[in-house]
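# Fold and contact review
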Amino acid sequence: MNRELKSVGKGVRKKDAMQLLLGKPAYLDDITPRDCLVVKVLRSPHAHAVISGINTEFAKKVPGIAAVYTWEDVPQKRFTMAGQTYPEPSPYDRLILDRRLRFVGDAVAIVAGEDERAVNRALRLIRVKYEILPPILDFRAALDNETLVHPEEDWHALCEVGADNKRNLCAKGEEQGGDISAVFADCDVVMERTFHTKAVHQAMMETFRTYTEIDHFGRLHVISSTQVVFHVRRILANALDIPKSKIHVEKPRIGGGFGAKQTVVAEVYPAFVTWKTGRAAKMIYTRKECQTAGSPRHEMEVTVKLGADRDGRIRALDVYTLSNTGAYGEHGPTTVGLSGGKSIPLYTGALEAYRFSYDVVYTNVQSSGAYRGYGATQGIFAVESTVSELAENLGVDPVAIRMKNMVREGQIMPAYQNEPASACTLDRCMLRCAESFGWDEKYPVRFTSDGKIRAAGVAMAMQGSGIAGVDVGSASVKLSEDGFYVLRIAAADMGTGCDTILAQMTAECMDCSVDDVAVFGADTDASPYDSGSYASATTYITGRAVEKACIELKEKICTLAAEMLDCPVSELIFEGRQVVRADGSASVSLADIAVKSMCGSDIALEATSSHSSPVSPPPFMAGMAEIELDPETGTVDILNYKAVVDCGTVINPNLARIQTEGGLVQAIGMALTENIQYDDRGRLSENSLLQYRIPTRLETGRLDVEFAPSYEESGPFGAKSIGEIVINTPAPAIAHAIYRATGHWYRELPILPEKIALDLLRDGKGGK
Amino acid sequence: MEITLTLNNKKITADVPPDTILLDFLRERGCPSVKCGCETSSCGLCTVLLDEKPVLSCSVLAVRTDGRSVTTLEGLQDEAAEFVGFIADQGAEQCGFCNPGYVMNTIALLRENPDPSDDEVRAYLAGNLCRCSGYEGQTRGIRAFLDARRAGKL
Ligand code: FES
Ligand code: FES
């Protein structure tokens, strides 16, 4: 960059920060009318059953009940709730209400009434006869099981993802490069290890929620806490079997998403009620519903086979992933891809051959979905743990082994669609991390005076920046009176700060202050098309659309200025607050140009641009954990976590830092406390925030985040992405540290104190 | 049941069913800052002051506030505005959904202990969950405020 940046790279306050901190109304339930139908869903008590009879007569008679719907009332056309670009890779396997129930919590009936009391009473009065079927609760037993989760004939997949409902298969695939068998045969060391990660929850503080009404044009107006307004529109049109033109979707401020709200979890129920009754309706998920009928991370079993030389050169990686999509296929075919696709390329450095294969299976637990990291988290836990074990076995320093094998800038990554690592400072991230963390002092195992063990572990990670060749980001920029701009987007700020960082980019391009940019979105009628905020796409993809729109708008502004100054456009220079003639002889202010555009002008001072990228440049990261382990109780305390991130240019250092810290803490929860346990009837025990233990502020340790920016030519101002990668290093780094402290490798998450304590007891190293 | 209470310094009388939860009562009465994040008294999002003491409004019946005073963030805008800017300067508000709860609890903390250490802040706010920020930015914001106040810069 030749010009000094004024807004980009600055830690400006988020545009809505003060309003949010002062508790002003911003979220769905704050801004939608209270006077509307309350919608709730009767949920299946069985993991697998067919409704053989359902009587809603008593329920309908409860005073205040407006409607009760069962499977007989809904359109018989299958769809997917996955918020993905059409044609969705996720199979069309859902009905709004189905006669077959596929998990404990699946929707049996919809009840709408004047208030919660009436609806709760009606829910209790619905009489259902279930024909109970054997459930598939173990995903290892799902493939080709005689019990089928989706035996129905109208199940169908739009894309070639290897799905086959008659085999409980949601997706299947394989890719490889090089002669994997030959390289393994030639390796000094070959290790094979299997890892298990569970269907952990996003646990965003604002649960799923949607408000629907019929507007004065007779259209279905949907306000939803969603990351993907345009996908919601299409999915609702599919589900209700009505034209998309009849639907208008907008999102208010979202109270957290992390991918959960990339699936249309709640929307169909109130939308169906409103479409049928003509009345406004609202559905707010309870925390229990969020936990039991949400869209958590895919449970995966990842087997890593690694071949290396005695000196620690990693020559071959073979990753096989078995993924559990649960009862429905939302994001099943795509999340699995990242478990190999974002772990193997980390070791491009010396890799001679690789293979990645997978099966994604249906089972009778709640459907999984999208959660920050999207499969990469699971795959990186497995591959990074294996590499650390290799290092420990060979007696090579775990940092050194990574320096020897990691992907470097400029390398082509065969396991990453042959994309180049066009901008990559992973080496600097690792070295800086080691230096600042004090790896050499913290890596050796130490004992405290009270008998606790201190140890350290390391991991590295990558992710993507948007979905190459698929994601579309758009921005509309408009000049208004006084010379301020309105930026319209359909990316969704869910706390990530994209409203602000896209305004920073606009301000940079238009040479104005961030305060001169008002942000609006997201709204399917008013915003330009955007696939939505997921896949770490917003900064990288939509940011570029902002840049393009600004270039176009500047040209239009200059065209109008040329008319006003009566000179050729080529002689004009755009200077932010004014447009001047190159020779300095005349100028016109931006405010005057804006006013002129509103009186007798035929030039619209507004520009809309879209952007899509043929590549998905990975951000990179190194992370190191120092723990203190109590051998008597097995308790692991995080003392320090150091992270160094290469997200390309950092657009807003404050927001990037908090994104990182937040991701680290979520991942600490995944590593140590967030458990998922189903009983033998398919009921989840962790169905509340009491049982499902997300970290409190006493459990995070000290977080220390730094950036080692590269410059990605294809990104806006050199930026890549930050949102997801930050969740990928803690689990393997902590598991590594626990190995150092105990001598045990834990290959299943979470690593609970009781597991550690029991192992140490058996070893004779534990408590009394 | 008819109850009379002081809500944000205004005396109000209301007729409420006896099982109404204070959280719902407050949201219905123009206090949307009070948020709900769970059904198990686990998240702290619903924190309000009852007779000046922080309570979880999801775990208090509205009728229990009869004759008492309830304060929500709507009633403490100035006191909150003194320090929340420092949290904004960290970018730690994130999704914002948990903010009113821990801002209320921070107000309670600072009234009890005007100059807490970082660990005291963490301990007092331990019941206020946040899924976005990783907490450290919130602590840094409060620290920056305390330091500025101590240095007489406010
Ligand atoms: S709503 Fe969660 S503690 Fe009150
Ligand atoms: S900011 Fe989102 S939960 Fe705290």
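Details of the structure are given in the entry above.
Below, the structure is looked at part by part. (Residues numbered from 1 in each chain as written. Chains lettered and ligands numbered in written order. Predicted model: local features only at pLDDT ≥ 70, side-chain atom pairs only at ≥ 80, totals over all residues. Heavy atoms only, no water.)

### Quick notes on the overall build of chain A
- When helices and strands are counted, chain A shows 19 helices and 29 strands.
- A compact globule built from 768 residues should have a C-alpha radius of gyration of about 27 Å, and chain A, at 27 Å, falls within 12% of that.
- Projected onto its principal axes, the C-alpha positions of chain A cover 90 × 70 × 50 Å.
- The burial tally for chain A puts 65% of its 768 residues in the buried class.
- One way to put it: in chain A the 83 positive side-chain charges average out to a point 5 Å from where the 100 negative ones average out. (Helix = DSSP H or I, 4+ residues; strand = E, 2+ residues; numbered from the N terminus. Rg over C-alpha atoms; globule rule 2.2 N^0.38 Å. Buried < 20%, exposed > 50% of the residue type's maximum accessible area, 1.4 Å probe, protein only. Lys, Arg positive; Asp, Glu negative; His and termini not counted. Charge placed at Lys NZ, Arg CZ, Asp CG, Glu CD.)

### Comments concerning the sheet that holds strand β23 (residues 572–574) of chain A
Residue and element names in this part refer to chain A.
- Taking strand neighbours across the sheet as the criterion, the three strands line up as β23-β24-β25 in an open arrangement whose pairing is antiparallel. Of all strands in the sheet, those bounded by a partner on one side alone are β23 and β25 (587–589). Direction aside, the axes of adjacent strands within the sheet are offset by 15° on average.
- By the bridge criterion, three bridges tie strand β24 (residues 578–581) to β25 in an arrangement that is antiparallel. Bridge pairing in β25 links Val580 to Ser587. (Pairing = 2+ DSSP bridges. Axes fitted to C-alpha atoms, helices over the stretch in contact; angles between N-to-C directions.)

### Remarks on the packing of aromatic side chains
Residue and element names in this part refer to chain A.
- By the definition in use, this model includes 12 aromatic pairs over all chains.
- Considering the side-chain rings of Phe356 and Tyr358, the 5.3 Å spacing of their centres and the 40° angle between planes classify their relative orientation as tilted.
- Its relative accessible area of 2% is what places Phe356 among the buried residues.
- The positively charged end of Arg297 is found above the aromatic ring belonging to Tyr371, 4.2 Å away from the centroid.
- Looking at Lys442, its charged tip hangs above the ring of Phe437, at a distance of 4.9 Å from the centre. (Phe/Tyr/Trp six-rings, centres within 6.5 Å; stacked < 30°, edge-to-face > 60°. Lys NZ or Arg CZ within 6 Å of the ring centre and 35° of its normal.)

### A word on the sheet that holds strand β9 (residues 209–214) of chain A
Residues and elements named next belong to chain A.
- Strand order in the open sheet formed by seven strands is β3-β5-β1-β12-β9-β10-β11, with mixed pairing between adjacent strands. What marks the edges here is a single partner per strand, and that holds for β3 (65–69) and β11 (247–250). Here the average twist between neighbouring strands, direction ignored, is 20°.
- Contacting β1 (37–43), β3 and β5 (107–113), helix α4 (residues 116–125) crosses the sheet at an angle of about 25° to β1.
- Contacts from helix α7 (residues 268–277) reach β1, β3, β5, β9, β10 (220–224) and β12 (281–284), with the element oriented near 15° to β9. (Contact = heavy atoms within 4.5 Å.)

So far we have only geometry, and geometry alone does not tell us how the molecule works.
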